[in-house]
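Okay, here's what each chain looks like letter by letter:
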Amino acid sequence: MSFNIAIDGPAGAGKSTVAKMAAEKLGFVYVDTGAMYRTIALYMLDSHIDVDDGKALVDALGKIEIGIRYEDGVQRMLLNGADVSGRIRTKEVSAQASVTAVKPQVRAKLLDLQRNLAKKEDVIMDGRDIGTRILPDAGLKIFLTASSAERARRRFDELREKGEKCDYEEIRKEIEERDYRDMHREEAPLKQADDAVFLDTSDISAEEAADRIVSLAKERMER
Ligand code: DC
């Protein structure tokens, strides 16, 4: 049987960086579920679908085939066969993903895909409802977070490094709005599972957070 690690937490807490590092140290497969919601969101944007129109949403979901491929351990997303890994990282897709992810039909489409991946291999899966809904029996659950000020600062530095123009206060506001939507939606809201380990990365490095997860995982696997 596979040993799975669920990592949930708000946007920008460092989940993907930390999960990737821990996956490498443990030899696990890293599964980024946010990328799946982003892939669906990209289709909705490209096809000008109003996701609040239930019929249009269901019709569109029927036309979407999501594929996942690993290249040197890096997850690539395929939308109806085309690699969209780069295109799903824009601000527009982030905003659309947060809106699309509240739809139960969208979450239902991704549930089996995520569970099947975890059945086959030892995975570290990150998202919002992995410990609470997708993998309730995960061997280790982590709730990874950081203050919104710190998350905004990291995002600001990242964008500046890429040479993009940005405003700290605006980024912080966007992060807080996204948190609110993710935490207050009816369908699978972001919340810490009762048996999850709380890990605040505001004052520790990604490496330190990954090491903590690795040692917790090793302890649990030995049990
Ligand atoms: O982690 P991310 O920023 O790539 O996620 C994109 C959006 O998808 C975000 O608004 C939250 C949502 N999401 C979700 O609802 N459930 C998940 N398991 C992963 C992401």
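Data block above holds the structure.
Structural notes, computed from the coordinates. (Residues numbered from 1 in each chain as written. Predicted model: local features only at pLDDT ≥ 70, side-chain atom pairs only at ≥ 80, totals over all residues. Heavy atoms only, no water.)

Here the focus is the packing of helix H2 (residues 34-46) against helix H4 (residues 91-100). In contact at an axis separation of 8 Å, H2 and H4 are set at 105° when each is read in the N-to-C sense. Taken together, the axes of H2 and H4 lie roughly perpendicular to each other. Contacts between H2 and H4 involve Tyr37, Arg38, Ile40, Ala41, Leu42, Met44 and Leu45 on the former and, on the latter, Glu92, Val93, Ser94, Gln96, Ala97 and Thr100. (Axes fitted to C-alpha atoms, helices over the stretch in contact; angles between N-to-C directions. Helix = DSSP H or I, 4+ residues; strand = E, 2+ residues; numbered from the N terminus. Parallel < 35°, antiparallel > 145°, perpendicular 65-115°, else oblique. Contact = heavy atoms within 4.5 Å.)

Okay, the site of the ligand next. The local shell around the ligand holds 15 residues, among which Thr33, Arg38, Arg107, Arg128 and Arg185 are the closest. For the ligand, a nitrogen atom lies 3.2 Å from a polar atom in the side chain of aspartate 129. Contact distances for the ligand include 3.3 Å between an oxygen atom and a side-chain N or O atom of arginine 178. Burial of the ligand by the protein chains amounts to 95% of its free accessible area of 450 Å². The set of elements that each furnish at least two residues to the shell around the ligand consists of H2, H4 and helix H8 (168-184). Of the residues forming the shell around the ligand, the biggest block, three residues, is contributed by H2. (Near = heavy atom within 4 Å. Polar contact = N/O pair within 3.5 Å; in protein donor to acceptor, adjacent residues only side chain to side chain. Areas by Shrake-Rupley, 256 points an atom, 1.4 Å probe, with all protein chains shown as cover.)

Tracing the sequence through the fold places aspartate 126 in strand E6 (residues 123-127). Buried charge without a salt bridge: aspartate 126, with lysine 15 as the nearest opposite-charge side chain at an N-O distance of 5.7 Å. Aspartate 126 has contacts with Ile7, Lys15, Ser16, Ala19, Tyr30, Val31, Asp32, Thr33 and Gly34, leaving out every residue within four places of it along the chain. (Buried < 20%, exposed > 50% of the residue type's maximum accessible area, 1.4 Å probe, protein only. Lys, Arg positive; Asp, Glu negative; His and termini not counted. Salt bridge = Lys/Arg side-chain N within 4 Å of Asp/Glu carboxyl O.)

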